[in-house]
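Residue-level structural notes
Chain by chain, the residues:
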Amino acid sequence: MANQPPAIVMQEVTEPQELAEARARRNRFDRNEAWLQARAAEIYKCHRGRYICIAGEDLFVADTPEAAYASAKSAHPEDDGLFVRYIPKEKLPRVYAD
Amino acid sequence: MQISGEWLLCDDDVRRPVIRGEVLASDGTWVPAEFLVDTGADRTVFSKALLALLGVSPVATGERLSGLGGVAEFVTVETPIRLIRESGAPVMFQGRYAACTEAEALDMSVLGRDITGLFAAIVDQPGDVVFLLGQRHRYRIEQV
């Protein structure tokens, strides 16, 4: 990868149907995130080194992101605001910048 | 344009600046994703977990990015990211992004300066705000 970052093209979405779908999905995403944040300490502590998926304000845990997603989608097929996160094995200070 | 984030509690009890968005998967669905706002990162990078859900084929492999842990292997994918502006409307960022293939190398996707550089980025922990500001939105510094 060259040192210069590739060009990014920014474009606003204006199509009404797409806007409505995006807003509804975001609301579901926000609800799942709030649910996790309220229980974060306990969930993180219990599932280090594994993937969690939050869907329908419910927790699904697996060893791969695909498996966590599949379990969540099976239980909450209507929830398109689900998300998957990896819980690192250790609590270490992090530097993300590349 | 104002894109809002928040200080999110992470697994190590540290709050980090995160903006929630979504990324287009190969099946045409939008996958919700959390992005760490990293003003020091040159590039936006997807985590392994996000990459797995997208199902997109890499347009390049064997790419390398360097960081504190040395040089790590990544793939490059081409798919749009959407973030939500203050009106609730998504803003799409079409480009090529790096994607990590190791879970422990990057637990959370990173929003780098290829995107944040298009905005004024405010990452203010004491003030509990995370914003990307552009177009007709500005910020002002005041002495109080």
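Residues numbered from 1 in each chain as written. Chains lettered and ligands numbered in written order. Predicted model: local features only at pLDDT ≥ 70, side-chain atom pairs only at ≥ 80, totals over all residues. Heavy atoms only, no water.

Considering the overall build of chain B
The condition is simple: Segments assigned H or I by DSSP are reported as helices when at least four residues long, segments assigned E as strands when at least two residues long, and all are numbered from the N terminus. Two things to know: the radius of gyration comes from C-alpha atoms, and the globule rule equals 2.2 Å times the number of residues to the power 0.38. For every residue, the accessible area obtained with a 1.4 Å probe (protein chains only) is divided by the maximum for its type, and the residue is called buried under 20%, exposed over 50%, and partly exposed between those limits. Contact criterion: two residues are considered in contact whenever any of their non-hydrogen atoms come within 4.5 Å of each other. For the accessible areas, the method is Shrake-Rupley and the probe is 1.4 Å, while residue cover comes only from the protein chains on display. Positive charges are assigned to Lys and Arg, negative charges to Asp and Glu, while His and the chain termini are left out of the count. Taken as the charge centre is NZ of Lys, CZ of Arg, CG of Asp or CD of Glu, depending on the residue.
The secondary structure content of chain B amounts to two helices and 13 strands. By the compact-globule yardstick of 15 Å for 144 residues, chain B fits well, its C-alpha radius of gyration being 15 Å. Projecting the C-alpha coordinates of chain B onto the three principal axes gives extents of approximately 50 × 35 × 25 Å. In chain B, which comprises 144 residues, the share counted as buried stands at 55%. Counting contacts in chain B only where the partners sit at least 6 residues apart, residues at least 24 apart contribute 54% of the total. Working note: accessible area of chain B is about 6,300 Å², and carbon and sulfur atoms make up 47% of it. Looking at charge distribution, chain B has the averaged site of its 13 positive side-chain charges lying 8 Å from that of its 20 negative ones.

Let's talk about the interface of chain B and chain A
Rule in force here: Put simply, buried area is how much 1.4 Å-probe accessible surface two parts lose in total, over both of them, once they are put together. The term salt bridge refers to a side-chain nitrogen of Lys or Arg lying within 4 Å of a carboxyl oxygen of Asp or Glu. The term polar contact refers here to a pair of N or O atoms within 3.5 Å; inside protein, the definition further demands a hydrogen-donor-capable atom paired with an acceptor-capable atom, and it admits residues adjacent in sequence only when both atoms are side-chain atoms.
On the side of chain A, 48 residues touch chain B, which itself brings 59 residues to the contact. Contact between chain B and chain A buries roughly 4,700 Å² in total, counting both sides, with carbon and sulfur atoms accounting for 55%. Considering only the surface of chain B that becomes buried against chain A, B:D11, B:R20 and B:R43 emerge as the three largest contributors, covering 15% of it. At the junction of chain B and chain A, the tally comes to six salt bridges. Note that B:D11 is salt-bridged to A:R48, the shortest N-O span being 2.8 Å. At the boundary of chain B and chain A, one finds 16 residue pairs in polar contact (both at pLDDT 80 or more).

Comments concerning the layout of surface pockets
Selection rule: Here the term cavity refers to a set of points on a 1 Å grid, laid over the protein atoms alone, in which a 1.4 Å probe fits but cannot get out; the term pocket refers to an open set having protein on both sides within 12 Å along at least five of seven lines, with lining residues being those that place an atom within 4 Å of a point. Grid points are joined across faces, edges and corners, and a volume is the space filled by probe spheres set on the points. Residues are sorted three ways: Asp, Glu, Lys and Arg are charged, Ala, Val, Leu, Ile, Met, Phe, Trp, Tyr, Cys and Pro are nonpolar, and all the rest, Gly among them, are polar.
When its volume is computed, the second largest pocket comes out at roughly 210 Å³. What lines the second largest pocket is a set of 13 residues, among which A:Y69, A:K73, B:T29, B:W30 and B:V31 lie closest to the centre. Only α2 (65–75) of chain A together with β4 (30–37) of chain B provide two or more residues apiece to the lining of the second largest pocket. Partitioned by chemical class, the residues of the lining of the second largest pocket number seven nonpolar, one polar and five charged.

Observations regarding the sheet that holds strand β13 (residues 129–133) of chain B
By definition, the strands of a sheet pair up through backbone hydrogen bonds, in either a parallel or an antiparallel sense. Residues and elements named next belong to chain B. Quick note on the threshold: When DSSP finds at least two bridges between two strands, those strands are taken to pair. The axes used here are C-alpha line fits, helices contributing only the stretch in contact, and every angle between their N-to-C directions lies in the interval 0 to 180 degrees.
Reading across from one edge, β1-β13-β12 is the order of the three strands in this open sheet, with antiparallel pairing throughout. Edge positions in the sheet fall to β1 (2–4) and β12 (120–124), since each of these pairs with one other strand and no more. The sheet shows a mean angle of 15° between the axes of neighbouring strands, direction not considered. In terms of strand pairing, β12 meets β13 through five bridges, oriented antiparallel. Counterpart to D124 in the pairing with β13 is V129.

Here's the deal with the packing of aromatic side chains
Defined as follows: Only the six-membered ring of Trp is used, alongside the rings of Phe and Tyr, when aromatic pairs are assigned; centres must lie within 6.5 Å, and planes under 30 degrees apart are stacked while those over 60 apart are edge-to-face, with the rest tilted. When the NZ atom of lysine or the CZ atom of arginine is within 6 Å of a ring's centre and also within 35 degrees of its normal, the charge is said to sit over that ring.
By the definition in use, this model includes five aromatic pairs over all chains. Between B:F35 and B:F46 the ring centres are 6.3 Å apart and the planes differ by 55°, which places this aromatic pair in the tilted class. Here B:F35, found in strand β4, pairs with B:F46, found in strand β5 (residues 45–46); they are 11 residues apart in sequence, far enough to count as distant. The residues B:F35 and B:F46 share a single accessibility class, namely buried. Pairing B:F93 with B:F119 gives two aromatic rings, centres 6.0 Å apart and planes at 65°, and the pair type is edge-to-face. Taken together, the positions of B:F93 in strand β9 (residues 90–94) and B:F119 in the loop between α2 (113–116) and β12 put the pair 26 residues apart, joining distant regions of the chain. Among the aromatic residues, those joined into a ring-pair cluster are B:F35, B:F46 and B:Y97. One residue, B:R20, lies across the ring of A:F29, its end atom 5.5 Å from the ring centre. Over the ring of B:W30 we find B:R82; its NZ or CZ atom is 3.8 Å from the centre of that ring.

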